[in-house]
Amino acid sequence: MALFKTSGQIPEDAVKLTYDEALKYQWEQITNWKPRKDVWAFRYGIHILSGTTAMTGMYINKYYRQKLKLRTQGYVSSFLPTMIIPAAIGNFLYLEFVSNDLILRTTECPVCVEIKACAIQSGIGVIYPICISSIANFMIASLCGSYRLPHITDVKPLFSTWITLSKSLGKRIPTLFMIQCIVASVITYSQAAALNHIQTTLLLDWEKVNQEQELEA
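Residues numbered from 1 in each chain as written. Predicted model: local features only at pLDDT ≥ 70, side-chain atom pairs only at ≥ 80, totals over all residues. Heavy atoms only, no water.

**Student:** How would you sum up the overall build of the protein? Please name residues and give values.
**Tutor:** Broken down by element type, the protein carries six helices and zero strands. When the helices and strands of the protein are placed in sequence order, the string is α-α-α-α-α-α. Taken over 217 residues, the protein has a buried fraction of 37%. Across the protein, every contact between residues at least 6 apart in sequence was considered, and the portion connecting residues at least 24 apart equals 78%. (Helix = DSSP H or I, 4+ residues; strand = E, 2+ residues; numbered from the N terminus. Buried < 20%, exposed > 50% of the residue type's maximum accessible area, 1.4 Å probe, protein only. Contact = heavy atoms within 4.5 Å.)

Rendered as structure tokens:
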């Protein structure tokens with residue numbers, strides 16, 4: 001059965017669903033769809049996105065740790081907030097605001113959905129790790145004395161130090177943003193294409209059944 005969103009007259013034989021019911025139905029269609037390669041973007045897309053986020057977070061975390069001359073000190077403390085947490089948050093945001101949006105066609109503008117996907121992935125994959133990695137590693141460096149930093153209350157000198165340490169990273173940020181946007185765009189486009197394929201296939205099957213019933217009648 002194909003799912004349609006309509007604001008006009010509802011056919012007599014239509015089954016009306018709530019938002020949650022429609023979402024559950026669509027996810028069941030995707031999960032049980034054969035062949036599975038048709039829905040690879042839904043099966044593996046979120047893992048690809050979270051992996052990209054984690055790798056970028058690891059790169060940014062490693063950069064600041066090297067700059068602050070941290071070796072093994074506080075590695076786990078900086079690892080969790082810059083790699084694991086962004087990947088988990090990114091998964092939730094993408095599923096909620098992009099995948100579910102595509103599935104129920106909540107946003108009529110496909111480009112808007114793709115821009116939203118890029119914004120989420122870039123924000124969680126680049127901006128968040130830079131902010132959290134800076135704070136976490138600055139605190140660790142202050143505690144273990146690996147790098148001479150201004151006192152935490154000296155905001156201007158501390159900010160100037162951060163700017164100085166981040167200069168080399170700043171040149172690579174556009175590349176990091178580009179990687180996140182490309183991955184998000186490919187996954188989002190592939191999910192939209194998979195949904196169109198599913199709906200087209202279901203409609204063709206439905207029309208075929210109707211034709212067979214008419215011939216039998």
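**Student:** I'd like a description of the packing of aromatic side chains, backed by residues and values.
**Tutor:** Given two aromatic rings, one states the distance between the centres and the angle between the planes to describe the pair. Summed over all chains, the structure comprises four aromatic pairs. Here the aromatic rings of Tyr63 and Tyr64 are separated by 5.3 Å at their centres, their planes lie at 85 degrees, and the arrangement is edge-to-face. Residue classification places Tyr63 among the buried residues on the basis of a relative accessible area of 6%. The exposure class of Tyr64 is buried, given its relative accessible area of 0%. (Phe/Tyr/Trp six-rings, centres within 6.5 Å; stacked < 30°, edge-to-face > 60°.)

**Student:** Describe the environment of Pro129, listing the residues and the values that go with them.
**Tutor:** Of note, Pro129 is situated in helix H4 (residues 110-144). Owing to a relative accessible area of 0%, Pro129 belongs among the buried residues under this scheme. In this view, Pro129 contacts Gly57, Ile60, Thr82, Gly123, Ile124 and Ser134; residues no more than four positions away in its chain are not counted.

**Student:** Requested: an account of helix H2 (residues 40-67), with residues and values cited.
**Tutor:** A rise of 1.5 Å per residue sets the reference length of H2, with its 28 residues, at 40 Å; its end C-alpha atoms lie 40 Å apart and thus fit the reference within 8%. Where H2 bends most, at Ile46, the angle is about 25 degrees. Phi for Lys69, located one or two positions after H2, is positive at around 60 degrees. (Expected span 1.5 Å × (residues − 1). Bend = angle between axes of the 7 residues up to and from the residue.)

**Student:** Provide a residue-level description of the packing of helix H1 (residues 19-31) against helix H3 (residues 75-104), including the pertinent values.
**Tutor:** At a minimum axis distance of 10 Å, the contact between H1 and H3 shows a crossing angle of 85 degrees. Here H1 is positioned roughly perpendicular relative to H3, judged by the angle of their axes. Taken together, the residues of H3 that come into contact with H1 (itself represented by Tyr19, Ala22, Leu23, Gln26, Trp27 and Ile30) are Leu95, Ser99, Asn100, Ile103 and Leu104. Of the residues in the contact of H1 with H3, the class split is eight nonpolar, three polar and no charged. (Axes fitted to C-alpha atoms, helices over the stretch in contact; angles between N-to-C directions. Parallel < 35°, antiparallel > 145°, perpendicular 65-115°, else oblique. Nonpolar A, V, L, I, M, F, W, Y, C, P; charged D, E, K, R; others polar.)

**Student:** So, the pattern of salt bridges: which residues are in play, and what are the values?
**Tutor:** In the structure shown here, the tally under the stated rule is two salt bridges. Here Lys37 and Asp38 are joined by a salt bridge, their closest N and O atoms 3.6 Å apart. A residue is classified by how much of its surface remains accessible, and Lys37, at 61% relative accessible area, is exposed. Residue classification places Asp38 among the partly exposed residues on the basis of a relative accessible area of 22%. For Lys116, the salt bridge is made with Asp101, and the minimal N-O distance between the two is 2.8 Å. Of the two residues, Lys116 is situated in helix H4 and Asp101 in helix H3; the sequence distance between them amounts to 15 residues. (Salt bridge = Lys/Arg side-chain N within 4 Å of Asp/Glu carboxyl O.)

**Student:** Could you give an account of a nonpolar patch on the surface, with specific residues and numbers?
**Tutor:** There is a patch of nonpolar side chains on the surface, built from Trp40, Tyr44, Ile48, Met178, Ile182 and Val186 and spanning about 570 Å² of accessible area. Residue assignment for the nonpolar patch shows that the elements contributing at least two residues are H2 and helix H6 (167-216). Structurally, the position occupied by Ile48 is in helix H2. (Patch = residues over 30% accessible without salt bridge, like charges linked within 9 Å, V, L, I, M, F, W, Y side chains within 5 Å. Areas by Shrake-Rupley, 256 points an atom, 1.4 Å probe, with all protein chains shown as cover.)

These figures come from the coordinates and say nothing about function on their own.
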